[in-house]
Amino acid sequence: AQKVTQAQTEISVVEKEDVTLDCVYETRDTTYYLFWYKQPPSGELVFLIRRNSFDEQNEISGRYSWNFQKSTSSFNFTITASQVVDSAVYFCALSGREKAAGNKLTFGGGTRVLVKP
Amino acid sequence: NAGVTQTPKFQVLKTGQSMTLQCAQDMNHNSMYWYRQDPGMGLRLIYYSASEGTTDKGEVPNGYNVSRLNKREFSLRLESAAPSQTSVYFCASSGGTVSGQPQHFGDGTRLSIL
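The numbering scheme is per chain: residues are counted from 1 as the chain's sequence reads. Starting at A for chains and at 1 for ligands, labels are handed out in the order in which the entities are written. Note on the predicted model: pLDDT of at least 70 is required for a residue's local features to be given, and 80 or more for side-chain atom pairs to be given and counted; whole-chain, interface and lining totals, by contrast, use all residues. To obtain the side-chain values, all non-hydrogen atoms of the structure were included, while hydrogens and water were left out.

Draft legend 1. Expanded view of the overall build of chain A. Strands are runs of DSSP state E lasting at least 2 residues, helices are runs of H or I lasting at least 4, and numbering of each runs from the N terminus. Tallying secondary structure elements over chain A gives 0 helices and 12 strands in all. By its C-alpha atoms, chain A is 45 × 30 × 25 Å across when sized along the principal axes. Residue exposure (1.4 Å probe, protein chains only): buried if accessible area is under 20% of the type maximum, exposed if over 50%, otherwise partly exposed. Expressed as a percentage of the 117 residues in chain A, the buried residues total 46%. A contact between two residues is defined here by any heavy atoms of the two lying within 4.5 Å. Once local pairs closer than 6 in sequence are excluded, the contacts in chain A between residues at least 24 apart make up 56%. Split by element, the accessible area of chain A, about 5800 Å² in all, is 47% carbon and sulfur. The charged-residue count follows a simple rule in which Lys and Arg add positive charge and Asp and Glu add negative charge, with His and chain termini not counted at all. Charge placement uses NZ in Lys and CZ in Arg. For Asp and Glu, CG and CD serve respectively. Here chain A contributes 13 positive and 13 negative side-chain charges, whose respective centroids are spaced 6 Å apart. Using the Shrake-Rupley algorithm and a 1.4 Å probe, accessible areas are obtained, with residue cover drawn only from the displayed protein chains.

Right, dumping it as structure tokens:
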């Protein structure tokens, strides 16, 4: 069975502070995929990034960066110089190599980020 | 670009009533999914359809049925609504033929059952 844990339920920061969201996963698959989604107050889910289990390179996209460490089963997400528009709930998710099962996603419980001006 | 379209956006039902939530995607995706989102619990998979003509149970299927009407449409039915089914329901789709494709979500249906 797959499991994703986001231990932080809510993080509050002041604008321009950095914020790191933790994600720890469990899977028996040797090939798997990790995702981050953003859910702003308007409610839609926005895909941010995908990482496969063979690619442990960190990635930076603007103010967003991701740190994938297979040794600790973690896929953490950092927002640098946070802005009020970053206020949202962020979900980490996991899928295995299950073509026949259509790439089902297992989600973590989410971390609510509140950025205060 | 429409992407994934869900109807209705809001609905209030009485206990015992039936309801079908509609979902359609225009991205020619093979796989479609239904999730429910409850406070503090993330999204949980109700049912999914890996390809046209197939459907399978997810984590929380009890009280629901689904129909993959064609490649574009995947509906979710509540036969006899219960207050425990009050939730936000999301439909999603993905390419599916290649592992690890990201899912694209609709805007959700907020369902309240009194």
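What follows picks up the thread again.
Draft legend 2. Examining the side chain of glutamine 6 of chain B more closely. All names here are of chain B. Along the chain, the position of glutamine 6 falls in strand E1 (residues 4–7). In this structure the side chain of glutamine 6 is engaged in a polar contact, spanning 2.9 Å, whose partner is the backbone oxygen of tyrosine 89. Side-chain atoms alone can form a polar contact between residues adjacent in sequence; in general such a contact is a pair of N or O atoms within 3.5 Å, and within protein one must be able to donate a hydrogen while the other accepts it. Within the structure, the side chain of glutamine 6 is placed 3.1 Å from the backbone nitrogen of glycine 108, a separation counted as a polar contact. Once residues lying within four places of it in the same chain are set aside, the contact partners of glutamine 6 are Gln22, Trp34, Tyr89, Phe90, Cys91, Gly106, Asp107, Gly108 and Thr109.

Draft legend 3. How the structure looks around the state of the cysteines. Residues and elements named next belong to chain A. Two cysteine sulfur atoms make up a disulfide if the distance between them is within 2.5 Å. All chains considered together, the criterion is met by 2 disulfides over all chains. Sulfur-sulfur distance for the disulfide between cysteine 23 and cysteine 92 comes to 2.0 Å. On the sign convention where negative means left-handed, the S-S torsion of about -65° between cysteine 23 and cysteine 92 marks this disulfide as left-handed. In this pair, cysteine 23 sits in the loop between strand E3 (19–21) and strand E4 (24–26) while cysteine 92 sits in strand E10 (residues 88–96), placing the two residues 69 residues apart along the sequence. Residue cysteine 23 is classed as buried on the basis of its relative accessible area of 0%.

Draft legend 4. How the structure looks around the packing of aromatic side chains. Pairing of aromatic side chains requires ring centres within 6.5 Å, counting the rings of Phe and Tyr and the six-membered ring of Trp. Pairs whose planes differ by under 30 degrees are stacked, by over 60 edge-to-face, and all others tilted. Applying the stated criterion across every chain, the model contains 20 aromatic pairs over all chains. A network of ring pairs unites the aromatic residues Phe35, Tyr37, Phe47, Phe91 and Phe107 of chain A together with Tyr33, Tyr35, Phe90 and Phe105 of chain B as a single cluster.

Draft legend 5. Layout of the environment of glycine 53 of chain B. All names here are of chain B. Inspection of the secondary structure assignment puts glycine 53 in the loop between strand E5 (43–49) and strand E6 (56–57). Among the residues examined, glycine 53 registers a relative accessible area of 68% and is labelled exposed. The spatial distance from the C-alpha of glycine 53 to the C-alpha of leucine 69 is 8.1 Å, given a sequence separation of 16 residues.

Draft legend 6. Representation of the environment of threonine 7 of chain B in the model. All names here are of chain B. Relative to the elements of secondary structure, threonine 7 occurs in strand E1. With 10 residues separating them along the chain, threonine 7 and glutamine 17 place their C-alpha atoms 17 Å apart. When near neighbours in sequence (up to four residues on either side) are disregarded, threonine 7 contacts Leu21, Gln22 and Thr109.

Draft legend 7. Molecular detail of the confidence of the model for chain A. Known as pLDDT, the predictor's confidence for each residue is given on a scale from 0 to 100. Here chain A averages 90 in pLDDT, and 95% of its residues register 70 or above. When the elements of chain A are averaged for pLDDT, strand E7 (residues 59–61) of chain A gives the smallest value, 82, and E3 of chain A the largest, 97.

Draft legend 8. View of the sheet that holds E1 of chain B. Residue and element names in this part refer to chain B. If you trace the 4 strands from one edge of the open sheet to the other, you get E1-E3-E8-E7, paired in antiparallel fashion. Single-partner strands in this sheet number two, and they are E1 and strand E7 (64–68). Across the sheet, the axes of successive neighbouring strands diverge by a mean angle of 15°, strand direction being ignored. Pairing between two strands is assigned when DSSP locates at least 2 bridges connecting them. Sheet analysis places E7 next to strand E8 (residues 74–78), joined by 5 bridges and oriented antiparallel. Counted as the bridge partner of asparagine 65 is arginine 77 from E8. To define axes, lines are fitted to C-alpha atoms, for helices over the stretch in contact only, and angles between the resulting N-to-C directions are given on a 0 to 180 degree scale.

Draft legend 9. Quick peek at the pairing of strand E9 (residues 87–94) of chain B. All names here are of chain B. Across the 8 residues of E9, 8 count as buried, placing the element largely inside the fold. Burial of E9 is two-sided: the residues Ser87, Tyr89, Cys91 and Ser93 facing one way and the residues Val88, Phe90, Ala92 and Ser94 facing the other way are all buried. Across 7 bridges, the pairing between strand E4 (residues 31–37) and E9 is antiparallel. Looking across to E9, one finds that glutamine 37 is bridged to valine 88. For E9 and strand E11 (residues 109–113), the ladder comprises 3 bridges, and the chain directions are antiparallel. Bridge pairing links serine 87 to leucine 111 in E11. With 2 bridges connecting them, E9 and strand E10 (residues 104–105) associate as antiparallel partners. When the bridges of E10 are listed, alanine 92 appears paired with phenylalanine 105.

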